[in-house]
Every structure is written in C-alpha cells, then in structure tokens.
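# Remarks on the overall topology
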Amino acid sequence: MGVKGLQYFLDRCCPDACVTVNLREFAKQHQSGSTSTTDSSTSPTLIVDGMACLRHWYSCKDWVCGGQWNEYMDALKAWVEAFTSAGITLVFFFDGVVEEKKRQEWVKRRRRVNGDVHKVFCHIKEYGNQPGGELFCLPSGLATFTPFALRSLGQEVFCSVKEADYEIASYARQHNSMGILGQDSDFLIYDSAPYFSVAKLRINSLTTIMYDRQRLCRYIGLSVNQLPLLACLLGNDVVSEEQMQHIRSNAIITHRKKHPAPNTSAPQGQVVLAVSQLVSSLWDTKEDKSALVPQCLNLSTPQRELLTRGVHSYLLPGNKGLDVDDMSALPSAFGKHVSPEILKACRAKHAAAEGFMVYSVVCEGVTECSNTLEDEEDAELLPQALVYKPCRQRIYGLLLLLGQDGSTLELPTIREWFVFPGNHLKEPVMVHPSPVSLPCDRPSLDLLWFGTGPEVSALRLTAFLSIFDCLDFSSLYGVIEDSILAALCLVTYIVLQVQTLSMEDVDAYLSQAVCLRLKSPQDLQQIEISCLSSRAVQLGSLYVRGLSHLLGANCASGSPLPSAALMPWHSFDGCLFHSKYLLAHRGAEKTELLEHDLPCLSLFDLLREKLSETCRKRGRVLQSSPSPPQNIKTTSGGGYRDRSTGRGDESWRRRGETTGSHQRGHGQRKRRDERRDQWDYENRDRLWGRGGNQHFNSYNPNSHVEEHQNWSRSANQFRGRSYNHRGRYHLAPRWSQPPAPGT
C-alpha cells in the first residue's frame, strides 16, 4: 500500500522530486563515485521489489486460463537480460511472510480482489471471452513460482522473514546499492538507497523516474528523519488512515488558516502539506528531538503506542542512536516438535527462496493463500483451499508429528488464512495436522532431511507420495520424467477429492501435461480459443494451486524430486489446457486430443490407466459427463481477443475452436463428425466406468499391449527434453548433515 496519498502528491504536486534517469548511466555514475570498501570491480547492484514487478513482468495476453508460463519465462529472461547487458547486477526480494500487524490490511485487500474475481466470472459466463485490463488478475501462484524462475535464470533471490520493504531497504543501505526498483512510496520514507519507479520503467531504454528523497524534504520542509512520523500520520500498513483521522483534520484546519484557499475541499496534496507543516511544528518547541513521537502530539496511550510502533518499523540498522529488531533471532512456533537444526534449515531455505510453506508452518505456525480465480456461484467445484486441505494437513503432520510420541506432546494447531468463497477472513481457520505413516521405525524429520543413502532417498519419495495418497505410483519413478509423475499425482489427488470431476476433465488435464512437451513457447502463443468456459478457468487455477502444494510437500519430504520438475512451465499452459478441455468435452477422439503423436498417446494411456486403477481401489468411479457449451451473449466483435492487442485492449474477433493442430473442419461435415465423435466417446467411457478400460483405444488394442510390454525398453522416449538423464537429479539434499551453529 505504501503511504496514503504520497505517490499522488509526488506525481501531481511535487514535480521537482520526480527525476527522469537512465539506469545505465546512473549505474556508471554510482560505480565511479562509490566510496564503498567493497571491490570496485564489482558491478553496481539494483535491488528489485519482486512483488511490485509481477504485474509488469506478466505481459502475456492471456491470464484467465491459469497462466501462460512458458511465455512468462521468456518475458522474465528478456527483462533480466536488459539489465545484465547494461552491467547492472539484480538482487530480487519477495514477500515471505505477512506480519500480524499488517494482517487486517492483507484481509482488506483480499476482500477487494474477491469482488474483481466475481466480475471476471460474470463476464466470462455472459460473453465467453476474457475481460479487459480493468479486471486483470495475476494468474494463481505467480508470486510462488517466480522466485524459482529467477533462480533458474541465475539470479540472486531472497524471500523475506519479516516485512519485505524493510529487508529491501536494509539490504540496499548495507550493500551500498545503486537503488531500489519498485512501486511503493514507503521506499521514500526509509533512509536508504534511491527509489526508482518500475511503473515508469521503459525496459528498452532503461529509463524511469527516480523519486528524490532530498528534494521532497526540501519541498515539504522536513528532514529525512521526520519522514517516518509523516508516513504514519498520513496512513500506512501499520497505522491505518482511519486511526489518525483526527490528527489530519486538525492539521488541515490549521493549514487553511495560514494558507486560505477559495475552495473548502481537502485534496490529497493539501493533506500532505498540512500534515508536513504539523510535523515540522512539533520540533519547533523544546521537545526532545530524539523522541520518535513527540509528547505534545494529542494522542491516547493506545494511539501513541501504535504510532511509535509504526515509526519504529521504518528504522534501519545503522540509524544513529536507535535500536532496531534483531533479525537473526529464530522464531519458533513449534520448538518442542522440531530440532534446532530443522529450524535453521527452514529459515535458510526460505530466505534463499529454495523452499515453500515449511518455514511459515514450523517457525510461524501460520500459512496463507491469496485470491484464486474461483467462481463463487459454481456449487459443483470445491474451492481450492478445501480441495487441498487434507494434503496440507499431511504436510503439517510430516513436519510436526514425524517421529514424535503423540502421548507426550500437545497436538499442534496451524492458523490458516486462505481466501475462498464463503470465508470472510474474520479469523484464521484452526487446522490440526494429520499423521503420515512411513515404513520405518518412527523415522524423524532430521533423518528425512539430512540423512543419506538409498534407503533415505526411498523414504523421501514414499513420504511425498503418501501426502497425495499415490503410493501406487512409486514404480513409475525413474521411468517417466519427474514433471509427468508430479502431474499424475496431482490429477489423481484432485479426482479423489472432487467427486464432480469427470473423465473428460481427466483427459484434458493429462493430455495437456503430455502434449506440453511437444510445444515451443511460440506454438503455445498461437493457440486460439473461440469461447471460454468458466468451469475450465476454475479447473486451470485449481491445477496451478495444486502445483504449489506439490512444492510444499516436496520440501517437507526432503526434496525427493527436483524443484524444477514441479514448476508450471514444465507441466501446464493455460490456453493449451483450455483447448484440451473444450476438445474433450466436445467428444473428440483420443488421437485428436494427443495430436496424433503415438509416443504421447502411449504415455497418456499409461497415465490414464494408472489413475483409474488407483481411483477404483479407493471406490472412486470416474464417469463420462460432457459439459454443455455456455449460453453467452452474441456481441459484435465477440469471441476471444486478438493476440496482437494489448492486455487491456477490447478488440475481440470471432475465431474457430482452436488453431494449429486443434483446428476443426467446417459445415455439415464438422457437425456430422462431432456427433459421431460424441457417440464414440460416450460409449467408450461407459466401458471405462464399468472397468472395461482395456478396450477403450480408438486404434488397434494389440498395439497398445505390445507397447506396454516393451515399456521399459522405450521409457527414454517419455523423458522429454527437460529430463533426458535421471542421473542429473540424483542430488544430495541441501544439508547432507546438520548445518553448523550460526549458519
């Protein structure tokens, strides 16, 4: 949020503080004028607020279908290369925690986004296309997976263990960085490096606006060390705008008396000037100038304590005569349940953006999830928070109960802040962990994380698969590529949890995962969809949220799979999934779903067979249930939007179902083929539902039997271009032994 009204004031009322700079030239000047004791040969460093950049990085035209992850990776790579080619080193920071003092502001934002999500689904159901940029929502999981994407590009990435803005400003000050790139006026309040606007950034020329802290201070008549009090009186994440309303009202009255104006309104620019005048006057008296909040300010005791806490949140290490929080202290919500080595490992992995979920659970005792594209009016599909709750409970159990004697320790409780329809976020949902049974004599989490040897490796895989109730798939480990194994686990888990999922949905999920390996980013950008399905939109987001749970389970299990295998760009593309969903529910032949690629067809058959076998063992019978097309309004220019337009452009045009390998014929032949395909598909799946899956192939059944018998000999054809050699993933855990104290 930043400081209420300050960004507006800078842009509209204080042009002298808005300086256009070329970052390439600024970096050279910073390096030549640096007095740092560090090696002068090192390149200048720019600290990047990753959360503020997400909307600018995700420039893909399509966003409602679950994310165009391969296209996003290409955009990230180009963005990074623009800076590195200019000799600028980037260091990225992402929010790693939501501090409790900012929880209510977090809740307020989530409720606001809920309204936008509702409008998105209303638009899709009414018009069948993606709404314009005014309703743009980031794809689910973007903040989770982007740190891993940047690390794969060789960048240095950190996740915060407290307020991210504070850590960014502190790091930039301590390392004499050339500046901070973000979009948060809080960076002006911290006494740190120069603050550059990412919203004003022109990536081709590397020009942007620098908000000059000293020029701002001269304009409003304050010193830098008075800015924190100004920020808190205006309103920020710690001190809400409402809590200091009476102070601002009095300040405006005083300001108008000194500066009478013809209008009686209080535009935001006037508010900033009035409060600045008040802050300046507080130190004109004999007041102790070292006090954070002057005593002469008319405040109640709770208000003074709140204001002091807000001002204190801006003080960085190195501020003279001021004590700041010790960030080296290890928080531990469940110190009785885990060892000190586990705590250290949790923090280290989290800070280095190498882990997910485990730090917040073990060290903070809380976990949260932001908004997801979910239709609150769809009663058939469960919200993702409820779908993955059993999975999370097993993750909690693995982290907190493994090797513990349940009779001697109190059962821990995790506070969950998950956004989903019906949850008003008035308080967290209290969730107990579920125990995970492993085939070993009470193995400990330390053994799982730090142990070595083939037995421990097997135990890690067993723990991971147990979380998703997919132990039957252990035989596929090393046979198919890891990303496909992960996708199979995830789809199977979703099917077991969501009883309304049909065979068509499963076919869409699996065919998409299998065919993705055939596609280049350019191929994926050419997929066009005539009419969006609101149900497919929600299923796409459900899948991506599941990938984050796969990542959390993998971290908790000691990383039996490489994190790269769990990234969405290896197993999911929103438009590709949507096109497969429409084909499957229209009754397309399996060969068409798999794009007439025989290796993909054989792999798809194996995955489908394994999934159905696991479901039958658990009493889950998959049925064919094609979803009818949505009834939408016909508008001129309707249909999915032209890819040549901008993200917010409303230039829509009619298109066929899909293009490229998915494109269908036209006229009577098309309708005749569709009726025949629908009949074949429905009858084939009736056999499947009765256990007749061995006869469902549209081609010679004997060919599949022969292929399946020769599976082990041809396994390499399914490894994919990303996972050609299993040996490269036989990596030791990050800590082969407990880290030394203080690391």
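None of the values given here were measured: they were computed from a predicted structure.

Rules and cut-offs
- Residues numbered from 1 in each chain as written.
- Predicted model: local features only at pLDDT ≥ 70, side-chain atom pairs only at ≥ 80, totals over all residues.
- Heavy atoms only, no water.
- Helix = DSSP H or I, 4+ residues; strand = E, 2+ residues; numbered from the N terminus.
- Buried < 20%, exposed > 50% of the residue type's maximum accessible area, 1.4 Å probe, protein only.
- Contact = heavy atoms within 4.5 Å.
- Areas by Shrake-Rupley, 256 points an atom, 1.4 Å probe, with all protein chains shown as cover.
- Phe/Tyr/Trp six-rings, centres within 6.5 Å; stacked < 30°, edge-to-face > 60°.
- 1 Å grid on protein atoms, 1.4 Å probe; cavity = no way out; pocket = protein on both sides within 12 Å on 5 of 7 lines; lining within 4 Å.
- Points joined across faces, edges and corners; volume = space filled by probe spheres on them.
- Nonpolar A, V, L, I, M, F, W, Y, C, P; charged D, E, K, R; others polar.
- Axes fitted to C-alpha atoms, helices over the stretch in contact; angles between N-to-C directions.
- Parallel < 35°, antiparallel > 145°, perpendicular 65-115°, else oblique.
- Left-handed = near helix turned anticlockwise from the far one by under 90°.
- Pairing = 2+ DSSP bridges.
- pLDDT = per-residue confidence, 0-100.
- Polar contact = N/O pair within 3.5 Å; in protein donor to acceptor, adjacent residues only side chain to side chain.
- Salt bridge = Lys/Arg side-chain N within 4 Å of Asp/Glu carboxyl O.
- Expected span 1.5 Å × (residues − 1).

Next up on the list: the overall build of the protein. Within the protein, the regular secondary structure consists of 28 helices and 10 strands. Here the protein, with 743 residues, has 57% of them falling under the buried criterion. Considering only contacts in the protein between residues 6 or more positions apart, those separated by 24 or more positions represent 76%. Roughly 30900 Å² of accessible area belongs to the protein as shown, and the carbon and sulfur atoms make up 49% of that amount.

Let us look at the packing of aromatic side chains. Applying the stated criterion to the full structure yields 28 aromatic pairs. Relative to Phe 577, the ring of Tyr 509 has its centre 5.0 Å away and its plane inclined at 20°; by these criteria the two rings are stacked. Of the two residues, Tyr 509 sits in helix H21 (residues 503-515) while Phe 577 sits in helix H24 (residues 574-586), which places them 68 residues apart along the sequence. Looking at Tyr 509, the relative accessible area reads 0%, which means it is buried.

One pass over the structure, following the stated rule, counts 2 cavities of 30 Å³ or more. As a volume, the second largest cavity reaches approximately 30 Å³. Considering the residues around the second largest cavity, the lining is formed by Thr 372, Glu 374, Leu 381, Leu 382, Gln 384, Gln 538, Ser 541 and Leu 542. Among the elements that make up the lining of the second largest cavity, the one with the highest residue count is helix H23 (residues 534-556) (3 residues). Split into classes, the residues belonging to the lining of the second largest cavity amount to 3 nonpolar, 4 polar and 1 charged.

The interhelical angle for the contact between helix H17 (residues 389-400) and H23, taken along N-to-C directions, is 15°, at an axis separation of 10 Å. Taken together, the axes of H17 and H23 lie roughly parallel to each other. Between H17 and H23 the crossing geometry is left-handed. In this structure, H17 uses Cys 391, Arg 392, Ile 395, Leu 398 and Leu 399 to contact H23, whose residues at the interface are His 549, Gly 552, Ala 553 and Ala 556. Along the lines of polarity and charge, the residues of the contact of H17 with H23 split into 6 nonpolar, 2 polar and 1 charged.

The sheet built from 7 strands is open, its strands ordered E1-E7-E6-E5-E2-E3-E4 with mixed pairing. At either margin of the open sheet sits one strand with a lone partner, and together these are strand E1 (18-22) and strand E4 (156-159). The average angle at which neighbouring strand axes cross in this sheet is 30°, direction not considered. Judged from the 3 bridges that link them, strand E2 (residues 45-49) and strand E5 (residues 179-182) form a sheet pairing that is parallel. Pairing of Val 48 across the sheet is with Leu 181, part of E5. Across the sheet, helix H1 (residues 6-13) is in contact with E1, strand E6 (195-197) and strand E7 (207-211); its angle to E7 comes to roughly 110°. In the packing of helix H2 (residues 23-33) onto the sheet, the strands contacted are E1, E6 and E7, and the crossing angle to E1 comes to about 85°.

A word on the confidence of the model for the protein. Summary statistics for the protein give a mean pLDDT of 84 and a share of 80% for residues scoring 70 or more. Note on residues 636-743: pLDDT is under 50 here. Beyond four places in sequence and across chains, it has 219 contacts.

A word on the side chain of Lys 519. Mapped onto the elements of the fold, Lys 519 is located in the loop between H21 and helix H22 (521-525). There is a polar contact of 2.9 Å between the side chain of Lys 519 and the side chain of Glu 595.

With that settled, the discussion passes to the pattern of salt bridges. Note on pairing: side chains with opposite charge can pair once their charged atoms come close. Inspection of every chain in the model, using the stated rule, returns 27 salt bridges. One salt bridge connects Arg 618 with Asp 469, and the closest N-O pair in it is separated by 3.0 Å. Taken together, the positions of Arg 618 in the loop between helix H26 (598-617) and helix H27 (667-689) and Asp 469 in the loop between helix H19 (454-467) and helix H20 (482-497) put the pair 149 residues apart, joining distant regions of the chain. The exposure class of Arg 618 is partly exposed, given its relative accessible area of 34%. In this structure, a network of salt bridges that share partners links the residues Lys 102, Glu 105, Lys 108, Arg 109, Glu 163 and Asp 237.

A separate point is H17. Compared with the 16 Å implied by 1.5 Å per residue over 12 residues, the 16 Å span of H17 between its first and last C-alpha is a close match. Of all 12 residues making up H17, 9 are buried, and the element is well covered by its neighbours. For H17, the set of buried residues is Cys 391, Arg 392, Gln 393, Ile 395, Tyr 396, Gly 397, Leu 398, Leu 399 and Leu 400.

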